[in-house]
Amino acid sequence: VQLQASGGGLVQAGGSLRLSCVASGSISSINSINTMGWYRQAPGKQRELVAEIARGGTTTYATSVKGRFTISRDNARNTVYLQMNSLKPEDTAVYYCTADLLVVSPEITTASRDWGKGTQVTVSS
């Protein structure tokens with residue numbers, strides 16, 4: 001699937017941003033999306049999980065964002081959101097949207113992950 005993220009920008013510490021990511025592609029690929037998530041990569045650091053949400057709504061958060069960020073999804077719109085509140089300078093990074101695809105057939109089960117292009121989030125102190 002193709003993933004298009006938006007909503008990044010520059011914000012002062014304590015502010016909020018909302019990221020959105022829309023998945024597009026064939027009907028079969030869209031229907032095979034299981035978990036969607038957000039990762040981020042700060043300069044000089046490894047890419048890390050921020051939050052993810054399963055198709056049924058189960059969520060997982062990085063410890064550093066718990067209580068400040070909220071991930072949600074609209075399956076009808078093939079969209080995942082990341083509401084980021086109480087932003088800190090250490091949240092500055094490029095944020096990437098992901099979609100985990102699971103295709104199950106009698107012969108084989110395949111799993112894969114698609115990545116979107118990142119969107120820059122900059123938090124000034």
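Residues numbered from 1 in each chain as written. Predicted model: local features only at pLDDT ≥ 70, side-chain atom pairs only at ≥ 80, totals over all residues. Heavy atoms only, no water.

Caption draft 1: Up close: the packing of aromatic side chains. Going through the model one piece at a time under the given rule, you end up with 2 aromatic pairs. Each ring, one from Tyr-96 and one from Trp-115, has its centre 6.3 Å from the other, and the planes form 75 degrees; the classification is edge-to-face. With Tyr-96 in strand S9 (residues 93–104) and Trp-115 in strand S10 (residues 109–115), the pair connects residues that are 19 residues apart, well separated along the chain. Connected via pairs of aromatic rings, a cluster forms that spans Tyr-39, Tyr-96 and Trp-115. (Phe/Tyr/Trp six-rings, centres within 6.5 Å; stacked < 30°, edge-to-face > 60°. Helix = DSSP H or I, 4+ residues; strand = E, 2+ residues; numbered from the N terminus.)

Caption draft 2: Examining the pattern of salt bridges more closely. Scanning the entire structure with this criterion turns up 5 salt bridges. The closest approach of N and O atoms between Arg-68 and Asp-91, which form a salt bridge, is 2.7 Å. Within this pair, whereas Arg-68 is found in the loop between strand S6 (59–61) and strand S7 (69–74), its partner Asp-91 is found in the loop between strand S8 (79–84) and S9, the two being separated by 23 residues in sequence. Asp-91 carries the same exposure label as Arg-68, and that label is buried. Between Asp-74 and Arg-77 there is a salt bridge, with the nearest N and O atoms lying 3.0 Å from each other. The network of salt bridges with shared partners includes Arg-40, Glu-48, Arg-68 and Asp-91. (Salt bridge = Lys/Arg side-chain N within 4 Å of Asp/Glu carboxyl O. Buried < 20%, exposed > 50% of the residue type's maximum accessible area, 1.4 Å probe, protein only.)

Caption draft 3: Representation of the state of the cysteines in the model. Tallied over the full model, the rule gives 1 disulfide. Here Cys-21 engages in a disulfide with Cys-97; their sulfurs sit 2.1 Å apart. Disulfide Cys-21-Cys-97: the torsion about the S-S bond is -85 degrees, which places it as left-handed. Within this pair, whereas Cys-21 is found in strand S3 (residues 17–24), its partner Cys-97 is found in strand S9, the two being separated by 76 residues in sequence. With a relative accessible area of 0%, Cys-97 lands in the buried category. (Disulfide = S-S within 2.5 Å.)

Caption draft 4: Summary view of the sheet that holds S3. The strand order across the open sheet built from 4 strands is S1-S3-S8-S7, with neighbouring strands paired in antiparallel fashion. This sheet does not close on itself; its edge strands, each paired only once, are strand S1 (2–6) and S7. Here the strands of the sheet are splayed against their neighbours by 15 degrees on average, with no regard to which way each runs. Pairing analysis gives 6 bridges linking S3 to S8, with the strands arranged antiparallel. Each residue of the ladder has a partner; that of Arg-18, found in S8, is Gln-83. (Pairing = 2+ DSSP bridges. Axes fitted to C-alpha atoms, helices over the stretch in contact; angles between N-to-C directions.)

Caption draft 5: Unusual backbone geometry, seen in detail. Phi at Asn-78 takes a positive value of approximately 55 degrees, unusual for a residue other than glycine. Unlike most non-glycine residues, Ser-86 shows phi in positive territory, near 50 degrees. When you line up the elements, Ser-86 lands in the loop between S8 and S9.

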